[in-house]
Amino acid sequence: MLPLKLLFVTPEITPIIKTGGLADVSAALPTALQERGVDVRVLIPGYTHVMEALPHKRHVTELMNTGAHGEVHLLEATLPDGVTLLIIDHPQSYERDGGPYIDHNGHDWVDNAQRFGLLSKVGAILGGSLSPLDWHPDIVQCNDWQSALTPAYLHFSPGPNPATVMTIHNMAFQGVFPPVLTTQLGLPASSFGVNGVEYHGQLSFLKAGLYYANHITTVSPTYAEEIQQEPLGFGMQGLLAERYLDLTGIINGIDKHEWNPASDPHLPHPYSADDLSGKAANKAALQHKLGLEVNPDIPLLGIISRLTHQKGLDLLPSIAPALLAMPVQIVILGSGSSELETAFILLAQKSPNQVAAVIGFNEGLSHQIEAGADIFLMPSRFEPCGLNQMYSQCYGTPPIVHATGGLADTVVDATPENIANGSATGFVFKHATAHRLQECIERAISAWHDKEIWQKIQQNGMRRDFSWNRSAAEYMALYENLLGRD
Ligand code: ADP
Ligand code: GLC
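For clarity, every value in this text was computed on a predicted model and none was experimentally measured.

Engineer: Please clarify how the site of ligand 2 should be interpreted in this entry.
Structural biologist: Taken together, 13 residues lie around ligand 2, and His169, Asn252, Glu383, Cys385 and Gly386 are the ones closest in. Taking glutamine 310, its side chain carries an N or O atom lying 3.2 Å from an oxygen atom of ligand 2. Proline 384 places a main-chain nitrogen or oxygen 3.4 Å from an oxygen atom of ligand 2. Relative to its unbound accessible surface of 310 Å², ligand 2 loses 93% to contact with the protein. Per-element tally for the shell around ligand 2: the top contributor is helix H1 (residues 21–35), with 3 residues. When grouped by side-chain class, the residues that make up the shell around ligand 2 number 5 nonpolar, 6 polar and 2 charged. For the shell around ligand 2, the two domains that each supply at least three residues are domain 1 (5–253 + 468–482) and domain 2 (277–462).

Engineer: So what exactly am I meant to see when it comes to the pairing of strand E6 (residues 139–143) here?
Structural biologist: Look at any regular strand and the pattern is simple: side chains alternate between the two faces of the sheet. Taking burial as the measure, the 5 residues of E6 include 5 buried ones, the bulk of the element. Bridge count between strand E1 (residues 5–9) and E6: 4 bridges; the pairing is parallel. Following the sheet pairing, leucine 6 is matched in E6 by isoleucine 139. Sheet topology places E6 next to strand E7 (residues 163–168); 5 bridges connect them, and they run parallel. Within E7, the residue paired with valine 140 across the bridge is threonine 164. For the segment spanning E6, helix H5 (residues 150–155) and E7, crossover handedness is right-handed.

Engineer: Explain the sheet that holds strand E5 (residues 84–89) to me, please; I cannot follow it from the model alone.
Structural biologist: Pairing between the strands of a sheet is mediated by backbone hydrogen bonds and can be parallel or antiparallel. The strand order E3-E4-E5-E2-E1-E6-E7-E11-E12 describes an open sheet built from 9 strands, whose pairing is mixed. The sheet terminates laterally at strand E3 (58–63) and strand E12 (247–249), the two strands that pair on one side only. On average, adjacent strands in this sheet sit at an angle of 25° to one another, irrespective of strand direction. As judged from the 3 bridges shared by strand E11 (residues 215–218) and E12, these two strands associate in the parallel manner. The partner of threonine 217 across the bridge, within E12, is threonine 248. Contacts from helix H4 (residues 112–127) reach E1, strand E2 (39–45), E3, strand E4 (72–78), E5 and E6, with the element oriented near 155° to E2.

Engineer: Is there a simple way to think about helix H7 (residues 205–212) in this case?
Structural biologist: Helical geometry note: an α-helix holds 3.6 residues per turn, so side chains three or four residues apart project in the same direction. Within H7, 7 of the 8 residues are buried, leaving the element largely enclosed by the surrounding structure. Restricting attention to buried positions, one finds in H7 the residues Phe205, Leu206, Lys207, Ala208, Gly209, Leu210 and Tyr212.

Engineer: Would you take a moment to explain unusual backbone geometry for this structure?
Structural biologist: Glycine aside, residues mostly have negative phi, and peptide bonds are mostly found in the trans state. Following glutamate 230, the chain continues to proline 231 via a peptide bond in cis, the omega torsion being -5°. Considering the arrangement of structural elements, one finds proline 231 in the loop between helix H8 (221–226) and helix H9 (237–242). Cis geometry marks the peptide bond from methionine 326 to proline 327, where omega comes out at 5°. Tracing the backbone shows proline 327 in the loop between helix H11 (316–324) and strand E14 (329–336). Not every positive phi belongs to a glycine, and aspartate 144 is a case in point at roughly 60°. Along the polypeptide, aspartate 144 turns up in the loop between E6 and H5. The class of aspartate 144 is buried, set by a relative accessible area of 7%.

Engineer: Would you explain the site of ligand 1 in this entry?
Structural biologist: Gly21, Asp24, Arg306, Lys311 and Gly360 are the nearest of the 21 residues found near ligand 1. A distance of 2.8 Å separates an oxygen atom of ligand 1 from a polar atom in the side chain of lysine 311. In this structure, a nitrogen atom belonging to ligand 1 sits 2.7 Å away from a main-chain N or O atom of glycine 360. Taken by itself ligand 1 offers 560 Å² of open surface, and the protein chains cover 93% of this. Secondary structure elements with two or more residues in the shell around ligand 1: H1, strand E13 (300–307), E14 and helix H14 (388–394). Considering every element that reaches the shell around ligand 1, the biggest residue donor is E13, with 3 residues. When grouped by side-chain class, the residues that make up the shell around ligand 1 number 6 nonpolar, 10 polar and 5 charged. Three or more residues apiece are contributed to the shell around ligand 1 by two domains, here domain 1 (5–253 + 468–482) and domain 2 (277–462).

Engineer: Before we go on, may I ask you to explain the packing of helix H10 (residues 277–289) against helix H13 (residues 363–372) in this structure?
Structural biologist: The packing of two helices is summarised by the inter-axis angle and the distance between the axes. The contact between H10 and H13 brings their axes to 8 Å, and the two run at 125°. For the element pair H10 / H13, the angle class is oblique. In terms of crossing hand, the pair formed by H10 and H13 is left-handed. Residue-level contacts link Lys279, Asn282, Lys283, Leu286 and Lys289 of H10 to Leu365, Gln368, Ile369, Glu370, Ala371 and Gly372 of H13.

Here is what the cut-offs are and how they apply
Residues numbered from 1 in each chain as written. Chains lettered and ligands numbered in written order. Predicted model: local features only at pLDDT ≥ 70, side-chain atom pairs only at ≥ 80, totals over all residues. Heavy atoms only, no water. Near = heavy atom within 4 Å. Polar contact = N/O pair within 3.5 Å; in protein donor to acceptor, adjacent residues only side chain to side chain. Areas by Shrake-Rupley, 256 points an atom, 1.4 Å probe, with all protein chains shown as cover. Helix = DSSP H or I, 4+ residues; strand = E, 2+ residues; numbered from the N terminus. Nonpolar A, V, L, I, M, F, W, Y, C, P; charged D, E, K, R; others polar. Domains from an automatic or database assignment. Buried < 20%, exposed > 50% of the residue type's maximum accessible area, 1.4 Å probe, protein only. Pairing = 2+ DSSP bridges. Right-handed = clockwise from strand over helix to strand, strands pointing away. Axes fitted to C-alpha atoms, helices over the stretch in contact; angles between N-to-C directions. Contact = heavy atoms within 4.5 Å. Parallel < 35°, antiparallel > 145°, perpendicular 65-115°, else oblique. Left-handed = near helix turned anticlockwise from the far one by under 90°.

Distances and angles like these do not, on their own, reveal function.
This is the structure:
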């Protein structure tokens, strides 16, 4: 059989441009699929970062019919793992200082509808019958709202068309814009309705993807259930519940080349499940680096996160005094809401021996926290999948998580029964309140003091298979099914 051809459309890819887990998925999933014989190409906007990170780009073609954008070119580069990256070269849209979605002041770029309308449009051009390439994908997979108009454009294009998959990484981000943009972005006026791209009187990119894609996936089975109801459906629960037969939850994997404590170049002391001795040395190095008291007997809680309402970290400041009295140490690496950034900076200033707050994005430090912390904290109110709780299990740093989405699907609570049967890998609490979080932290710390039990929980997590193999196989089965090949 000919290899399955997949066009993977995404606004982020690790390590070139990343604001969250979507970037990690966009790097690792195509690689895992290529290893399984899929002929995959990843389409991404030519942001400044992309243009600078990839000096060896080849010109592929000029793209016509992109709407009001003028000259648009398609470039191509090969990533170190052999995956082909297709890059949209349109400097007016993408080459600017700042983030992919926001400027230096934290405001959305005013032309985001046009910028990601263009990404979606190019996805549709390359997927459709009028593509200038002689490579025609069987499947076009879109990721989050930034590429979610692609299925709508394809729906209104002359066929034959590829099958489309809309992958939801986070329902909270929907790409909602004034209705007039529907026709300005080249969609027919008739698409602006309940049975189309309209959402509460506005144009919603995500709604377009959810309505027009042949299939919808999201990044964990529990989240696939949760988004069919309020509140996590964020207004789309009706549509998703109606399409439940076309909705599949596939848990993300993690990149074992990037996240392996035995070979992680960011760690001063490598270690493994069979020999955990290096972990204590990483803890000491982290305490030293961040100015905390270097003491193996104080449990160290680690946090790496976007600081937003989703992540539930606003629950921490009110219980911090009680925790610090236990005593514990807390390390926070993150950025986001200025209120939360300030709260954590103040906490660190008040207790510099016990709390370190590093505001910003720091890949190396994130690996050192995963390795050096004793316990990882992830009290997210909702979490479509979550990657850090999987990284932390691989690093022998059992996570404390709220029972939601992918956290519920990937962490096994250390109940007496699960400890006895060897399945426990972390600590799970229901109801995202400060009180429940505090109880769970206390439960984890008392387990930490029992070194024998603790080591078992660590090793259970480290020996679990979170690799992309399993998830990639599920995506393959889904693609084959969509193409009627199974
Ligand atoms: P989300 O995508 O919702 O932010 P995930 O857990 O899926 O959550 O992925 C977050 C990714 O971003 C992880 O790889 C995590 O390590 C990384 N990350 C988040 N904040 C930071 C930070 N301040 N510095 C370094 N890495 C970070
Ligand atoms: C989103 C979600 C996160 C998920 C990531 C990758 O950013 O918030 O839970 O792990 O996408 O799918």
